[in-house]
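Structural description and commentary
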Amino acid sequence: MQLARVTGTLVASTKVPGLTGVKLLIIQPLDRQQRPNGAPVVAADAVHMAGPGELVYFVAAREAAQALEESFVPDDHAIVGIVDEVGTLPGVEDGV
């Protein structure tokens, strides 16, 4: 799982049947310091509650498709949780 920030929504004019009703969001992957890490990607909202500006965590590849109700869909990324708070454990060095 990786952290990301939801930066927008994507409106698809046509979807495969398994993705009908699934919200597609544009997310920016983040590193441990919540800085952008790579290019933005489109992710399916498996929690049905994420929105622009929220900090989320997502999965990729086969795990992304399995996070959805219909698991045999062409989906590369899926949001599987909304992050309430980010903290650092005492004694844990940055980047470890």
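1. Brief notes about the overall build of the protein chain
When you go through the protein chain residue by residue, the secondary structure sums to one helix and five strands. Counting only residues that meet the buried cut, the protein chain has 32% of its 96 residues in that class. Pairs at least 24 residues apart make up 51% of the contacts formed inside the protein chain by residues separated by at least 6 positions. Across the protein chain, 6 positive and 12 negative side-chain charges occur, with their mean positions spaced 4 Å apart.

2. Comments concerning the sheet that holds strand E4 (residues 55-60)
Spatially, the five strands close up into a barrel ordered E1-E2-E3-E5-E4, and their pairing is mixed. The sheet shows a mean angle of 55° between the axes of neighbouring strands, direction not considered. Where strand E1 (residues 2-10) meets strand E2 (residues 24-29), six bridges bridge the pair, whose relative direction is antiparallel. What sits directly across from Gly-8, in E2, is Ile-26.

3. Section: the pattern of salt bridges
Where side chains of opposite charge bring their charged atoms close, a pairing between them can arise. In total, this model carries two salt bridges according to the counting rule given. Among the ionic pairs, Asp-31 bridges to Arg-35, the shortest N-O distance being 3.1 Å.

4. Description of the nonpolar core
With nine residues, the main nonpolar core is built from Ala-4, Val-6, Leu-25, Ile-27, Ala-43, Ala-50, Val-56, Phe-58 and Ile-79. At the level of secondary structure, the elements contributing two or more residues to this core comprise E1, E2 and E4. Residue contacts for Val-56: discarding those within four places in its chain leaves Gln-2, Leu-3, Ala-4, Val-6, Ile-27, Ala-50, Ile-79, Gly-81, Ile-82 and Val-83. If you look at the next biggest cluster of nonpolar residues, it comprises eight residues, including Leu-19, Val-22, Leu-24 and Ala-44.

5. Focus on unusual backbone geometry
Although it is not a glycine, Gln-34 sits at a positive phi angle of roughly 65°. When you line up the elements, Gln-34 lands in the loop between E2 and strand E3 (41-45). At Ala-61, a position not held by glycine, the phi torsion is positive, near 65°. Topologically, Ala-61 is positioned in the loop between E4 and helix H1 (62-66).

6. Brief notes about the pairing of E3
Sheet topology places E2 next to E3; four bridges connect them, and they run antiparallel. Note that in E3 the partner of Ile-26 across the bridge is Val-42. Note: E3 against strand E5 (residues 77-82), two bridges, orientation parallel. Bridge pairing in E5 links Asp-45 to Ile-79.

7. Let's talk about the confidence of the model for the protein chain
Overall, the prediction assigns the protein chain a mean pLDDT of 91, with 96% of residues at 70 or greater. Considering each helix and strand of the protein chain separately, the mean pLDDT is smallest for H1, with a value of 91, and largest for E2, with 98.

About the thresholds
- Residues numbered from 1 in each chain as written.
- Predicted model: local features only at pLDDT ≥ 70, side-chain atom pairs only at ≥ 80, totals over all residues.
- Heavy atoms only, no water.
- Helix = DSSP H or I, 4+ residues; strand = E, 2+ residues; numbered from the N terminus.
- Buried < 20%, exposed > 50% of the residue type's maximum accessible area, 1.4 Å probe, protein only.
- Contact = heavy atoms within 4.5 Å.
- Lys, Arg positive; Asp, Glu negative; His and termini not counted.
- Charge placed at Lys NZ, Arg CZ, Asp CG, Glu CD.
- Pairing = 2+ DSSP bridges.
- Axes fitted to C-alpha atoms, helices over the stretch in contact; angles between N-to-C directions.
- Salt bridge = Lys/Arg side-chain N within 4 Å of Asp/Glu carboxyl O.
- Core = buried A, V, L, I, M, F, W, Y, C linked by side-chain atoms within 4.5 Å.
- pLDDT = per-residue confidence, 0-100.

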